[in-house]
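These are the residues of each chain, in order.
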4 protein chains.
Amino acid sequence: MHDVVLIGAGRIGRIHAANAAQHPRLRLAGIVDPVPEAAAALAAEHGSRVTTLDAALADPAVAGVIIASSTDTHLDYSLRAAAAGKAVFCEKPVDQDLARAQAAAPTLADARVLIGFNRRFDPNFRALKARLDAGAVGKLESLQITSNDPSPPPPSYVAVSGGLYRDMAIHDFDMARWLLGGEEIVSVYAIGSCLVDPEIGRLGDVDTARTVLTTVSGRLCVISNSRRSGFGYDQRIEAYGSAGMLRADNVLESTAQLWNENGAANDRFRNFFLDRYADAYRAEMDHFADVLDGAAPEISFADGVAALALADTAARVGDLLR
Amino acid sequence: MHDVVLIGAGRIGRIHAANAAQHPRLRLAGIVDPVPEAAAALAAEHGSRVTTLDAALADPAVAGVIIASSTDTHLDYSLRAAAAGKAVFCEKPVDQDLARAQAAAPTLADARVLIGFNRRFDPNFRALKARLDAGAVGKLESLQITSNDPSPPPPSYVAVSGGLYRDMAIHDFDMARWLLGGEEIVSVYAIGSCLVDPEIGRLGDVDTARTVLTTVSGRLCVISNSRRSGFGYDQRIEAYGSAGMLRADNVLESTAQLWNENGAANDRFRNFFLDRYADAYRAEMDHFADVLDGAAPEISFADGVAALALADTAARVGDLLR
Amino acid sequence: MHDVVLIGAGRIGRIHAANAAQHPRLRLAGIVDPVPEAAAALAAEHGSRVTTLDAALADPAVAGVIIASSTDTHLDYSLRAAAAGKAVFCEKPVDQDLARAQAAAPTLADARVLIGFNRRFDPNFRALKARLDAGAVGKLESLQITSNDPSPPPPSYVAVSGGLYRDMAIHDFDMARWLLGGEEIVSVYAIGSCLVDPEIGRLGDVDTARTVLTTVSGRLCVISNSRRSGFGYDQRIEAYGSAGMLRADNVLESTAQLWNENGAANDRFRNFFLDRYADAYRAEMDHFADVLDGAAPEISFADGVAALALADTAARVGDLLR
Amino acid sequence: MHDVVLIGAGRIGRIHAANAAQHPRLRLAGIVDPVPEAAAALAAEHGSRVTTLDAALADPAVAGVIIASSTDTHLDYSLRAAAAGKAVFCEKPVDQDLARAQAAAPTLADARVLIGFNRRFDPNFRALKARLDAGAVGKLESLQITSNDPSPPPPSYVAVSGGLYRDMAIHDFDMARWLLGGEEIVSVYAIGSCLVDPEIGRLGDVDTARTVLTTVSGRLCVISNSRRSGFGYDQRIEAYGSAGMLRADNVLESTAQLWNENGAANDRFRNFFLDRYADAYRAEMDHFADVLDGAAPEISFADGVAALALADTAARVGDLLR
């Protein structure tokens, strides 16, 4: 049983709180949030208590810190928690500033830091990865990663998000690195448009983008992003190998189908990350429990920096080509 | 090149005429129909000519006769054509009267007669059968045959059809016999309802039925029929074996899909036999060309009688249980 | 927060224990089992304690009793718990003896008893039912319920199971009643074979069966059962209405697909009830929490008796026809 | 009835010959080929005769010319046939040299020339296009066109093919233009690798490529190509709009499925263009009959030049980035 403290009682923090509270090897020992009411409400919900970061880091009983606070705090809190000897589970991105993140990398290289790229824990993508690693389609040659949100975020979110590449596509850059086995990426092409919401364009961002990565051995990866699919959370991967193709499809709300004069219709797709990735969030927390038991984090701080570096490059290329 | 003559210029006759006319080894040498205008129009369409059954049977150049006339003529025309030494391709059913059909069986046992159970030539069901025979699911144990029309026929058709079992389910009895490899059927249960159109009930028929067949070794087959699916032609088979299940599904009009807020919708199913079984009718005519070349008919007169006998039994059981 | 006590620490009991322990409105206050070690181990796992049925029924703090003990105790324990004023969540079947169950029905008619037909809580079947009730396919006309286990149970289980109809098909009888809206069933046909394991036949049971139910208005329901599918847990429903068909399909382990020279293969189906119905068991426990809050049980003791009555009839018909 | 003459008795010529010969409004009046035996054999097969281009163009009875000869002859034969007042059905590409094709464009602008981009006639892509035009997904925003061959061609073919972009992707450029409604394309990015067959690389070509097109309004189109899919002919389109997504999938050989312990497997995909696009070739010939009846060609010479121009640009960009 490991005591963990959660920093950040927002949307994603509440998911992690529930998963930590229900985990048989974790005890949710405290909640930290700048808004006392938010911390108190979440603590009450899970039989935990309100605390502060300082107190948590000073408490030798606390083994792990879950950082789900605002992005600008990720790096500092990770550094402080690691310095205090805690295991860290930090939400993506590691920071919005690549140089800062790179500067911290040596310090955190040996710390027990798990970066929360939840998709690596999705059972569908894990099944795809396991088969890929088992050679089900021979040698991997190219990837198609499709990642579209159901509907665009409010402009207020876009304004502070860091832009489509750093906020949204960063997940896909991590998936690309993961599936490519970390092979060096030698070129990045990105092109973006504002097709969904003109307000997003006015804020200097794009809402639709395509990124093409190439690796040193010539493997190709296309990432397709849109802030609005029109049909729920569109999260798919196709991995082409020398002996066929593996793919992981979207997840339906149920297996119910309606067959009528219009044809055969499936149910809706799961709408967004809270339901599509519910299992992934649970598995991610389970892996953090493993880290607390001594396992090496599957997603290191260096992985977080590498994904951010790709996002940064894509954003700059995309800006140049607009 | 074999000269063939078509008897019957109705809906199914026109399909056979087109397939015979386009077949590289057949020549559509004549059309016979009691309505001279119908025969003439069809003959003109395919560069053929109008003739009579007597003339066709007397003509030594005519190698085969395609009988697509009304059901009450099937048996007599088959007997006459066979007696004249012609190969016969006769539409189902062989007759509506089982005793008459059984009486003719010895005479036609050695004749070259092909009965037009078109579904045996459907590429989907053939693919299922080929895998079944190849042992893809081990030993066959049970069957689910689903066969629903898109919408009910007019009452005038129902009145002369011979009833759901003899008119519609007879196809499924033949499929059951084919897939069961001709194993003896030792029990027939049938139950029917009138749920679709009360007029069908007033005519003494049912529009919805379930039939359960059992074979001597205990294998089970369920046949599900309805005169109205509400979603096009519903023609499916599930074959359960000792090592899994084979199935053949409905055929879509195209692979186009629409993904929107209601979910993921396929295109419509093909609506009825003319489009669903277009390939089957072509393959069936191709097999008749093979018969004219000397091959044994895949579906003999005895098969036609056996399917009729099952339909007859099911109809009587169904009547008893109403 | 309601205190509940679990009777029976076997396979299904352990599932209910975990769901009760994790439920925000339930407290797993005790575990009862004739094998003290089993009770103790399960209690330890969930921070509960070992108790006895007498003690639990005498404890005014205990609001509900979950009966997951052997079938022969279901009825007695239900009666005793109800008499003690407890809400009861009792696994199926209510008893193996229909007469005994019917005799108890008046006594339990007004008690708060929830019978554990888990499939009614499966999200896929619930989605189907919700659409059916919303009129998505018009008026329901017929049902196809397919329910095949992945592989046969050991003969020792078969010997005490009550037979395929009472042990396995009883779930399907309940589903049929649920989907038919409780319309009176006026005929039951059943036919069974021993095709999977001769040992099952030697024990007087069948391993493959088809049951056909008809309702007073003529609606038809086919239930297909086998003790071995060869491809995992096969749990499907097709509901035909006047305006189309609704169906709920099997659940895949993941959305991963392999496309290679053999075609396009999906992942495996979930293998058996523990994983296929994991969500259903959670939802069922959630409903029991609602019952403890005052809601009427969705599945009453009378429903349990009605399903048993159908199973009993089917078993007797099946025996007659063998 | 229109007399047409076929130039070129190779693989694609034989398809056009069969479709013209079976078309009710066309008469295959002659076959031209530099290899007399090839012309004679094909003529015999369809009851046609061997002729020469000069004779065909001089014959006032010949209404149309089908050009299926080697690529280097396409442009000259088209110009000569058009000058002789014949309707022209010319295989893609219009030429391998863009400048030559552009130079001929004014001359052929008013001629009746149909370019054989067969995919526009595929029923699946037509269904997608029809729904797109009907507004089923609102305003089109982006496209994903996947087009992979089953296995790489022999090096001898690659050497004279003009390269992946001009030989293979040119179909996809035409599809992109068609689906984008001819909107001006303002940027072309292309990147290619040699991953499938090193011999292709030695010949200066690539076997795997991704092309990204952007239109003047910012719409994005990704084209994915590989010379080897490992699973048959991979021809898919996804069209994203403001209200959802339309897609057209690969075509299966049959609807037969195998469900066993490995999961649920579909049949194989149709393997290559001869079977996948059999319907498209028929529909294309039917449209040529319409052109002979007076209809405007759906795919003009200018369309052929525009697709070639995109292929040319992509090839040059791809070369720069290698």
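This one's a predicted model, so the numbers in the text were calculated from it and none came from an experiment.

Definitions and cut-offs
Residues numbered from 1 in each chain as written. Chains lettered and ligands numbered in written order. Predicted model: local features only at pLDDT ≥ 70, side-chain atom pairs only at ≥ 80, totals over all residues. Heavy atoms only, no water. Axes fitted to C-alpha atoms, helices over the stretch in contact; angles between N-to-C directions. Helix = DSSP H or I, 4+ residues; strand = E, 2+ residues; numbered from the N terminus. Parallel < 35°, antiparallel > 145°, perpendicular 65-115°, else oblique. Left-handed = near helix turned anticlockwise from the far one by under 90°. Contact = heavy atoms within 4.5 Å. Nonpolar A, V, L, I, M, F, W, Y, C, P; charged D, E, K, R; others polar. UniProt positions renumbered as here; feature names shortened; annotations may be inferred. Least-squares fit on C-alpha atoms with pLDDT ≥ 70 in both. Domains from an automatic or database assignment. Buried area = accessible area lost by both parts, 1.4 Å probe. Salt bridge = Lys/Arg side-chain N within 4 Å of Asp/Glu carboxyl O. Polar contact = N/O pair within 3.5 Å; in protein donor to acceptor, adjacent residues only side chain to side chain. Phe/Tyr/Trp six-rings, centres within 6.5 Å; stacked < 30°, edge-to-face > 60°. Buried < 20%, exposed > 50% of the residue type's maximum accessible area, 1.4 Å probe, protein only. Pairing = 2+ DSSP bridges.

Draft legend 1. The packing of helix H4 (residues 71–83) of chain B against helix H5 (residues 98–108) of chain B, seen in detail. Residues and elements named next belong to chain B. Between H4 and H5, the least distance of the axes is 11 Å, while the angle of their chain directions is 10°. If you check the angle between H4 and H5, you find them roughly parallel. Crossing of H4 against H5: the hand is left-handed. Between H4 and H5, the residues in contact are Leu75, Asp76, Ser78, Leu79 and Ala82 and Arg100, Ala101, Ala104, Thr107 and Leu108, respectively. Here the contact of H4 with H5 is built from residues that sort into six nonpolar, two polar and two charged.

Draft legend 2. Quick look at the UniProt feature "domain: GFO/IDH/MocA-like oxidoreductase" (unreviewed entry) in chain A. Taking the numbering used here, the UniProt-annotated feature "domain: GFO/IDH/MocA-like oxidoreductase" (unreviewed entry) corresponds to residues 125–247 of chain A. From the first C-alpha to the last, residues 125–247 of chain A spans 8 Å; its make-up is 29% helix and 37% strand.

Draft legend 3. Region of interest: the relation of the copies chain D and chain C. You can overlay chain D on chain C at an RMSD of 0.0 Å; the transform is a turn of 180° with a shift of 0.0 Å along its axis. Taken together, these values place the two copies in the relation of a two-fold axis. Residue D:Ala265, judged by its C-alpha, is the member of chain D lying nearest the rotation axis, at 2.0 Å. When the interface residues of chain D are mapped onto chain C, 100% of them again fall at the interface, so both copies present the same face.

Draft legend 4. Structural context of the relation of the copies chain D and chain A. With an axial shift of 0.0 Å and an RMSD of 0.0 Å, the rotation relating chain D to chain A amounts to 180°. The share of interface residues of chain D whose copies in chain A are also at the interface is 100%, consistent with both copies meeting through the same surface.

Draft legend 5. Looking closely at the environment of B:Ile191. Mapped onto the elements of the fold, B:Ile191 is located in strand S7 (residues 185–193). Remark: the alpha-carbon pair of B:Ile191 and B:Val317, spanning 126 residues in sequence, is separated by 7.5 Å. Setting aside chain neighbours within four positions, we find B:Ile191 in contact with B:Tyr165, B:Thr208, B:Ala209, B:Arg210, B:Leu321, C:Ser187, C:Val212, C:Thr214 and C:Leu220.

Draft legend 6. Quick look at the domain arrangement of chain A. Residue and element names in this part refer to chain A. Entries for chain A in the domain assignment read domain 1 (2–111) and domain 2 (120–320). Put simply, the middle of domain 1 and the middle of domain 2, counted by C-alpha atoms, are 25 Å apart. Each partner contributes to the interface: domain 1 provides 31 residues, whereas domain 2 provides 26 residues. A buried area of about 2400 Å², summed over both sides, lies between domain 1 and domain 2, and 73% of it is on carbon and sulfur atoms. Of all residues in domain 1, Lys92, Gln96 and Leu98 bury the most surface against domain 2, accounting for 22% of the area lost on that side. For the interface between domain 1 and domain 2, the tally reads three salt bridges. The salt bridge partner of Arg25 is Asp290, with a shortest N-O separation of 3.1 Å. If you look at where domain 1 meets domain 2, you find eight residue pairs in polar contact (both at pLDDT 80 or more). Going through the elements one at a time, strand S1 (2–7), helix H1 (11–22), strand S3 (62–67), strand S4 (87–91) and helix H5 (98–108) are the ones with two or more residues in the side of domain 1 that touches domain 2.

Draft legend 7. Representation of the packing of aromatic side chains. Tallied over the entire structure, the rule returns 30 aromatic pairs over all chains. Centre to centre, the rings of A:Tyr233 and A:Phe272 are 5.0 Å apart; their planes meet at 85°, and the pair counts as edge-to-face. Pair noted here: A:Tyr233 is in the loop between strand S9 (220–226) and strand S10 (234–241) and A:Phe272 is in the loop between strand S13 (263–266) and helix H10 (273–276), with a separation of 39 residues, a long-range link. The buried category is assigned to A:Tyr233, whose relative accessible area is 5%. Considering the side-chain rings of A:Phe269 and B:Trp259, the 4.7 Å spacing of their centres and the 50° angle between planes classify their relative orientation as tilted. Of this pair, A:Phe269 sits in the loop between S13 and H10 while B:Trp259 sits in strand S12 (residues 256–260), which puts the two residues in different chains.

Draft legend 8. Structural context of the UniProt feature "domain: Gfo/Idh/MocA-like oxidoreductase N-terminal" (unreviewed entry) in chain A. In the numbering adopted here, UniProt assigns the feature "domain: Gfo/Idh/MocA-like oxidoreductase N-terminal" (unreviewed entry) to residues 4–113 of chain A. Strand forms 21% of residues 4–113 of chain A and helix 47%; the C-alpha atoms that close the span are 14 Å apart.

Draft legend 9. Structural detail: the sheet that holds strand S4 (residues 87–91) of chain D. Residues and elements named next belong to chain D. In spatial order, the strands read S2-S1-S3-S4-S5; together these five strands make up an open sheet with parallel pairing. Edge positions in the open sheet fall to strand S2 (26–32) and strand S5 (113–116), since each of these has one partner strand only. Shown here is a sheet whose adjacent strand axes are inclined to one another by a mean of 20°, direction ignored. As defined by bridge partners, strand S1 (residues 2–7) adjoins strand S3 (residues 62–67) across five bridges and the pair is classed as parallel. Following the sheet pairing, Val5 is matched in S3 by Val65. Sheet strands touched by helix H4 (residues 71–83): S1, S3 and S4. Its angle to S4, the strand with the most contacts, is close to 170°.

Draft legend 10. Seen up close, the interface of chain D and chain A. On the chain A side, the residues contacting the 36 residues of chain D number 36 residues. Across the chain D to chain A interface the summed buried area is about 2600 Å²; carbon plus sulfur atoms make up 53%. Where chain D touches chain A, the interface holds four salt bridges. When the shortest N-O distance is used, the salt bridge between A:Glu238 and D:Arg236 registers 2.7 Å. Between the two partners, chain D and chain A, sit twelve residue pairs in polar contact (both at pLDDT 80 or more).

Draft legend 11. Inspection of the interface of chain D and chain C at higher detail. Residue-level contacts link 16 residues of chain D with 16 residues of chain C. Roughly 1200 Å² is buried in total at the junction of chain D and chain C, and carbon and sulfur atoms are behind 63% of that figure. Ranking the residues of chain D by area buried against chain C places D:Phe231, D:Trp259 and D:Ala264 at the top, with a combined share of 40%. Counting across the interface, chain D meets chain C through zero salt bridges. The tally of links between chain D and chain C comes to four residue pairs in polar contact (both at pLDDT 80 or more). Only strand S10 (234–241), strand S12 (256–260) and strand S13 (263–265) of chain D provide two or more residues apiece to the side of chain D that touches chain C. Tallying contributions element by element places S13(D) first for the side of chain D that touches chain C, with three residues.

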